Each structure stands twice: as structure tokens, then as C-alpha cells.
Amino acid sequence: MTRMLASVTGVDEAEIVLSGGVDIVDLKDPKAGALGAVSTQTIRRAISLIAGRAPVSAVCGDLPMEPETIRAKAEEIAATGVDYVKIGLFPSANVAACAAALAPVAARTKLIAVLFADLAPDFELLPMLAKHRFHGAMVDTANKANGRLLDHLPPERIPGFVDRAKSLGLMVGLSGSLEAPDIPRLLPFAPDFLGFRGALCGHCGRTGSISAEAVAQIRALIPEASRSGGASSIDYRLLAARGYSPGTDPTLGTDKIFVRDFVLPVQIGAYSFEHGHTQKVRFDVIADVLQVTDHPEDMRHVFSYDIIMDGIRTIVARGHIQLSEALAEQVATYILENPRVVRVTVRVEKLELGPGGVGVEIERKRQSAGRGVASGAAGRKDQGAVSQPRQERPEAIRRAVKPAVVKLGGSTADAAEMADWVAALAGSKLPIVIVPGGGRFADQVRETQIYMDFSDTAAHAMAILAMEQFAQIILDRDERLAPARSLEEMGRALDAGKVPVWLPSSLALPAPDIPASWDVTSDSLAAWLAGKLGANALLLIKQTGAFFGSDTIDSLAVRGIVDAGFAAMLPEGSDVHLAGPKDAAGAGALLAAGNLPGIRIAASIRSARKAG
């Protein structure tokens, strides 16, 4: 769940944003620069006022990239007792030295590195930040008069930053003169927080005073997680705008959202003369979108056309495309990933091959599109919920159908979609075996290995045990799930109408064909298990939406969405499917009908050639 960070100047503004329900209170002086620091006295007063009602962060100021200066200021701010210390890393030859100097501070305080979208940020710094035990990384803008975040960091580059940072165990934030229309464009990338200042000051600009009304307007656009075990205040209308599609009023119809005459330079064409350069391509898209209210008032109630344009830009940015038909299919697939979209028409025209435009127009519909989504009960044991076992299949049918392997990513544990995924998997009519990811438990192994310096063999064993820790959390969520350490236990669970959750240590630790390497994570172990079970389908559930129908396993590995060893572990002929947060809402209905959610991924070149 993405949280809302509000930057305030002191106790008065802190009280306003707390009353407005913000998740993180950030202390800074906007009159002193992008990361202008307030006094330590102001920080301590604010911490006393907030009194644990929300985490508190504070910035160190726009400091020169001098290791001792940076370290001293970070220690001064950390001594106030804030939860997070934000440190700007400006372009400099000393960045690595500054990060190294901060490692002792990072051992005691959660440090957030701030990179700047308008200063050519180097995302290759992220592994170095993880090495020096930074808690997180965010992108902001240095010159607030020179545009918003998306003016400098286009949407097609954001998934790479977010996914890379999260894969390294870093908390991820996005900021930079963000406005209300930016929010639905950024939420699908699932950052851990979005940061605001100017948008909270009404029409006064970022150096003015924060307005309670402006805070409420921004807060309403970011789904709010429940606090302290209380009732959830999630705004499901906004979740619908992001792709979540609960049961809604069946009398409502659809809206047509369109993008017309959208022209981009595209690397496209099958002829040799079309390679190596771009040509102008015009896109026209019409999407039929389910309504969530017949009285739309603000951004919560709409499906933003920016999401369509962002998707097109992201697809185009990935490189050369042979055919206009393939490009149109990719755009249609991307848009139909949103459960609210029931039909889409995509027109692609190449504008530079003659006196007129040439191209293709396609129409695609969602299969079995309808109002709402059926899903099973989550059925947490400790809540006393009654869950029903799946309807028993005839013995001959159960034995004839090979189970599919479903890897549930460990990062899902921190997401609002966790309950939806567990309920959907537990209610599957398709026989499946769940493989748990390592998540934060495996992240702890990575972090500990850095400063305790133990071998990859030891880390491999610890990471497999980390998967078992997440497995126990999954098992605790629904009585229809059953633990399974062996292939035989998986078979018995399936025969009993249960869904087995793999506890991998007994099978994986002694296996000679599983390398003890960080190149092999739970992705590869899921592929390995698929081979052992003879499964013909493997579904990876990820906490990212940065993948497309045109992806291959190789392209996913390059971007870090699957691990480096995945292709080599994948059994020949297996279908690989990938699902993200947007697929959670519709997963229950698909699995209950015997189908896998998400999109199918083409085999890699390596896996296609590795037979024998």
C-alpha cells in the first residue's frame, strides 16, 4: 500500500496534516531549498507533538557532497529521534565516499537517499545504497521552478527505478511538485510513499502555509490503510480507478475513455530500411470502462486517460517492434489488464510511408466481462471464519490434471492485495501448488550477509528457510491451505481438496541441481518444482505491474523482474504466466473457473534451446 508523506515546517503544520490523516510527517524548510533543513529544536518539538501518531522524517539540507559534512549532519538529525533521515545525493564524484561515510549512521537510523530527477539521476547507485545499509531511496526534484517529477522522469522509466530498489530491499518514494492528477498515474507503480508539499498549500505555492482542505483533497486520492487494527478506510472508488473492481451497482454502464491523434516516434517496421531509426506513429484508443458512480466529482471517480498514454510510452520505449499489428496487440493487452476495462479499440498508423497513413485497427474484449468479481472468503483461522472446502473432483479427473505451480511473491505480504490473492488461490478449482517467496525474511538474509560476511552457501540455506517463514504466514490465512514438504504430501493435499503450500527446505536444500547463489531465488525454485511435478503451467505473482504481453523471460531477467537463474531452471514446454497487483481483484473468478490470472510470457531464447 502506498503511503502519503507530507512535508511540514513545524508543529502547527504537523497538526494540520495529522488531522488530515497523512501517513508520514516530514520536516523541512521549503524556503531554504529542495531539502532545506529545519532546526533540531523544531524537530524535537514536532516529535513531542506527534507523540507516535505517525512516523517522522527530517531532511539534512542541501549539503555539499563532502563525506564528513554529510555524516556529521546526518548524525545531528538522527540524534533528535526521528524515524527517517533524508539525505540528498547530488551528482558528484564523491557520492560513493559520502554513502560509505554514512554506513555507521545507517546501522542505527533509517536513512533515505534522495536522488533528483532533474539532475540526471544515476540509478546504478542503488546497489551501493543497499550495500551501505540505507533503508530507502526516493526521487525528488531539485529545482522546484523547473517542472514536476514526470516532466523529468517519464512514466516509462519509473518501473525500472521502483522495481530495482525494491529488489534490493530498499523502501521507495516518489516526490517532486506532485499534483492531484499525478497520483493515479504513479499509484500503479506501487511506490512505498508519495511525497507532497506544494499541493498541500492550495494556491499559495510550496513556501506558503499548508491548507487543511488541500490536504484532504490529496489524502482522498491515496487509499488509506487501516491503522492499529481498526476499521479500514480504504476508498474503493479510488481502487476501482486503479484497477480494483469490487461488486458495484449493476445499473451503471460504461464510459468511453479515448486518446486520439497521439503521435510518438517509434522504432517500428519489418523492412531493413525501417531499422535503426524512428518514424512517427499515430495512436487512437477507445476504452469502454465500467463506471463506479453516476455522479463523478473528482479524480477518484475516473479512469485517467494518462494511464493509457503512459502505457503506450512504456511499450514504445522498450525498443524495435516489427509489426503494427504486434504494437496494437501490446497496447490492447496493457489496457485490458485493468479489470474495469471491458473493451478496447486500438488504431496504429504509420505516418511516414507515403502520402497517407497506413496501419491497423483492432478491437479486443475482456473474456466474460461483467459487473464485479467473485472471490472466496479469506478465512483467517484466528478470526473464526468458516471456510468451505473446494468441491471434490472425480478421482480420475484429479489424477489426470497436472497441478500448476503458483509462486506468491514475498513482497505481497506488505500489500493490500495479500488477502485477495490468498482467498483466490485457496478457492482455485484448478489444482495448484503454492510456492512462497522470501520477501522481507530473505531481505534480512541479504542485509546480514553484507556485514557478517558469510558464504553464499549459508545464505542460500537461510533464504530457503526465509521462504518457509512466509509460507507459515500464508498458511495462517485460510483453512483450505495445507503445508507440504514433499511431492507425496502435495498429492495427498490435492486429493483431499486442499491447496498445498510448499515448505521447501526438505526438497531444495539437498538438491544437487539447485546452485547456492543469489541468482537462484524463489522464482527459480518455483520453476524447479514445476519440473519435479511435471507441471505444464507456472504463475509468478509479483508486486509490480512493469511487464507486458510482449515480454520474454530474458527481457524480464534483464529488468530484474525474475531472477537470473530462472530460464535455466524452467522445464521445457512450461507455460509461464505473470500477474501483478492489478490482477488480484479478478483472480478469484478466474481460478474458480479453472484459469490462471495475469498474462502469458514467451519462452526465453536460452530455455528454448536447452533441451537435453
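A. Examining the sheet that holds strand β12 (residues 358–365) more closely. Strand order in the open sheet formed by four strands is β9-β10-β11-β12, and the pairing between neighbours is antiparallel. Unpaired on one side and paired on the other, β9 (254–266) and β12 mark the two borders of the sheet. When the angles between neighbouring strand axes are averaged without regard to direction, this sheet yields 10 degrees. Where strand β10 (residues 279–290) meets strand β11 (residues 341–350), nine bridges bridge the pair, whose relative direction is antiparallel. Considered in β11, the bridge of Asp288 is made with Arg343. Lying on the sheet, helix α12 (residues 305–316) is in contact with β9 and β10; it crosses β9 at an angle near 35 degrees.

B. Focus on the packing of aromatic side chains. This model, assessed by the stated rule, comprises three aromatic pairs. Here the aromatic rings of Phe123 and Phe161 are separated by 4.8 Å at their centres, their planes lie at 35 degrees, and the arrangement is tilted. Here Phe161 lies in helix α8 (residues 158–167) and Phe123 lies in the loop between β5 (110–116) and α6 (126–131), a separation of 38 residues in the sequence. For Phe123, a relative accessible area of 13% translates into the label buried. Sitting over the ring of Phe258, Arg260 keeps its end group 4.0 Å from the ring centre.

C. The nonpolar core, seen in detail. In this structure, Val25, Ile87, Leu129, Phe161, Leu186, Leu194 and Phe196 are the most contacted members of the largest nonpolar core, which totals 84 residues. Here this core takes six residues from β5, the largest share from any one element. For Leu129, the residues in contact, after removing those within four places along its chain, are Leu89, Ala113, Phe134, Ala137 and Leu170. Grouped together as the second largest cluster of nonpolar side chains are 36 residues, Val520, Leu540, Ala546 and Phe566 included.

How each quantity is defined
Residues numbered from 1 in each chain as written. Predicted model: local features only at pLDDT ≥ 70, side-chain atom pairs only at ≥ 80, totals over all residues. Heavy atoms only, no water. Pairing = 2+ DSSP bridges. Helix = DSSP H or I, 4+ residues; strand = E, 2+ residues; numbered from the N terminus. Axes fitted to C-alpha atoms, helices over the stretch in contact; angles between N-to-C directions. Contact = heavy atoms within 4.5 Å. Phe/Tyr/Trp six-rings, centres within 6.5 Å; stacked < 30°, edge-to-face > 60°. Buried < 20%, exposed > 50% of the residue type's maximum accessible area, 1.4 Å probe, protein only. Lys NZ or Arg CZ within 6 Å of the ring centre and 35° of its normal. Core = buried A, V, L, I, M, F, W, Y, C linked by side-chain atoms within 4.5 Å.

Spatial relationships are all this shows, so hold off on functional conclusions.
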